[in-house]
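Breakdown of the fold
This is what each chain is made of:
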Amino acid sequence: MTSLSDLPLRANLVGKEPYGAPQDPVPVSLNVNENTHPLPEDVIEDIIASLGDAVRGVNRYPDREFMGLREDLARYLGHGLTAEQLWAANGSNEVLQQVLQAFGGPGRSLLSFTPTYSMYPLLAGGTDTEWIPVARPNDYALTAELVVEALEEHKPSIAILCGPNNPTGTSLDLDVVKAAYDAFDGILVVDEAYHEFDSSHESALSLLPGRPRLLVSRTMSKAFAFAGVRLGYLAADAAVVDALRLVRLPYHLSALTQAAASAALRHSAEMLRAVDDIRLQRDRLAAELEGMGYLVHPSGANFILVGGFASPEATFEALRAEGILIRNLSIDGHLRLTAGTADETTQLIEAIRALGPGGAKA
Ligand SMILES: *Cc1c(COP(=O)(O)O)cnc(C)c1O
């Protein structure tokens, strides 16, 4: 077998690692911020019926412009949006890749504020776009001053503000988004993958009118409990959608994906029913860990970033041995914990408590 280093790989991919959150079949899987609450049974049945109808038509290519789904997404988001302002792909990762294909590329750059979502630099590498990481302050919160200074200095082609931010949970204020938009001429993406969990911050969707370079991305993978379907989407000016249509593969959204997503959106209130409980579990997890002396960063998402572990690696392994999978993102002394069901969250709390102060030692 040939090894990777023997192949004529593109220079900017040499030495890179693929996205690699472990996929272990453990009883309590809390490492990729999925919604672990089961889907409501009546919604499952409606999705199955819709898939059945779609299967009867799969000898034909699906609607390339998926207008039905775009109308459903526009209706779900509200804010006066129309189907022409909506776009979707197989996960918001693919939407973001299309944004980079259309607006990034050789000689162009992508800026974001780290620590942030680990896919941004990978998407930059995959499209030959220069990656510009700018460090967040100690509390991870972005301010208008910090963001404006970075954008004026680097003048990136694209900037992504992730709010709430993965992996820190930090919410994003709309005045930061407004200031960022005015500070440079490039494409500004607000990644709202976790927005539905954030009860105290308004969506950047309200800023879209009059801001044609502002893109707001969302996903059905997290709050909607639909990670396995792969449906991410974006709202922006209709001209931005026209740009993305230049780079998408024809028929990129399968008929089955379109049918499943539209069926789920017909039941959006029920699909989002678990969000309140997940917030409750997140806050319980945070309070318990704070009580044990850990440093819990404020979170508007369905996970918390926690500091104070003597050895994140040893704690990760000790919990894995108990059948609990969490995320070690190589942030000094920190681990990221997703809020699960009440039972999963209790198991996680008790397993960490059993490790004693500071968690497992190396
Ligand atoms: C999970 C996540 C996404 C979305 O992933 P898809 O499953 O591809 O929709 C996007 N951005 C952030 C910050 C995430 O954490």
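So, a few notes on the structure that sits alongside this text. (Residues numbered from 1 in each chain as written. Predicted model: local features only at pLDDT ≥ 70, side-chain atom pairs only at ≥ 80, totals over all residues. Heavy atoms only, no water.)

**A short note on the pairing of strand β2 (residues 86-89)**
Because side chains alternate across β2, one face comprises the buried residues Leu-86 and Ala-88, and the other comprises Trp-87 and Ala-89, equally buried. As paired strands, β2 and strand β8 (residues 232-235) are joined by four bridges and run antiparallel to one another. Paired with Trp-87 across the bridge in β8 is Leu-234. (Buried < 20%, exposed > 50% of the residue type's maximum accessible area, 1.4 Å probe, protein only. Helix = DSSP H or I, 4+ residues; strand = E, 2+ residues; numbered from the N terminus. Pairing = 2+ DSSP bridges.)

**Points about the environment of Ala-183**
As for its placement among the helices and strands, Ala-183 is situated in helix α6 (residues 174-183). Owing to a relative accessible area of 15%, Ala-183 belongs among the buried residues under this scheme. Non-local contacts of Ala-183, meaning those with residues more than four positions away in its chain, are made with Val-148, Leu-151 and Glu-152. (Contact = heavy atoms within 4.5 Å.)

**Quick word on the site of the ligand**
Taken together, 13 residues sit near the ligand, with Ser-92, Tyr-194, Thr-219, Ser-221 and Lys-222 positioned nearest. In this structure, Lys-222 approaches the ligand through a side-chain N or O atom, which is 3.2 Å from an oxygen atom. Calculation on the ligand without its partners gives an accessible area of 390 Å², and the protein chains cover 95% of this total. Residue composition of the shell around the ligand, by class: four nonpolar, six polar and three charged. (Near = heavy atom within 4 Å. Polar contact = N/O pair within 3.5 Å; in protein donor to acceptor, adjacent residues only side chain to side chain. Areas by Shrake-Rupley, 256 points an atom, 1.4 Å probe, with all protein chains shown as cover. Nonpolar A, V, L, I, M, F, W, Y, C, P; charged D, E, K, R; others polar.)

**What to know about the packing of helix α10 (residues 274-291) against helix α12 (residues 342-354)**
For the pair α10 and α12, interaxial distance at closest approach is 10 Å and the crossing angle is 10°. Compared by their axis directions, α10 and α12 come out roughly parallel. Along its contact with α10, which presents Asp-277, Gln-281, Arg-284, Leu-285, Glu-288 and Leu-289, the element α12 presents Ala-342, Thr-345, Thr-346, Leu-348, Ile-349, Ile-352 and Arg-353. When its residues are assigned to classes, the contact of α10 with α12 shows six nonpolar, three polar and four charged. (Axes fitted to C-alpha atoms, helices over the stretch in contact; angles between N-to-C directions. Parallel < 35°, antiparallel > 145°, perpendicular 65-115°, else oblique.)

**Points about the sheet that holds strand β10 (residues 303-307)**
The strand order across the open sheet formed by three strands is β9-β10-β12, and the pairing between neighbours is antiparallel. Edge positions in the open sheet fall to β9 (295-296) and β12 (335-338), since each of these has one partner strand only. Pairing between β10 and β12: four bridges, direction antiparallel. Within β12, the position partnered with Leu-305 by the bridge is Arg-336. Here α10 sits on the sheet and contacts β9, β10 and β12; the angle it forms with β10, its principal contact strand, is near 10°.

Note that every value here comes from positions in space, so none of it alone points to a role or purpose.
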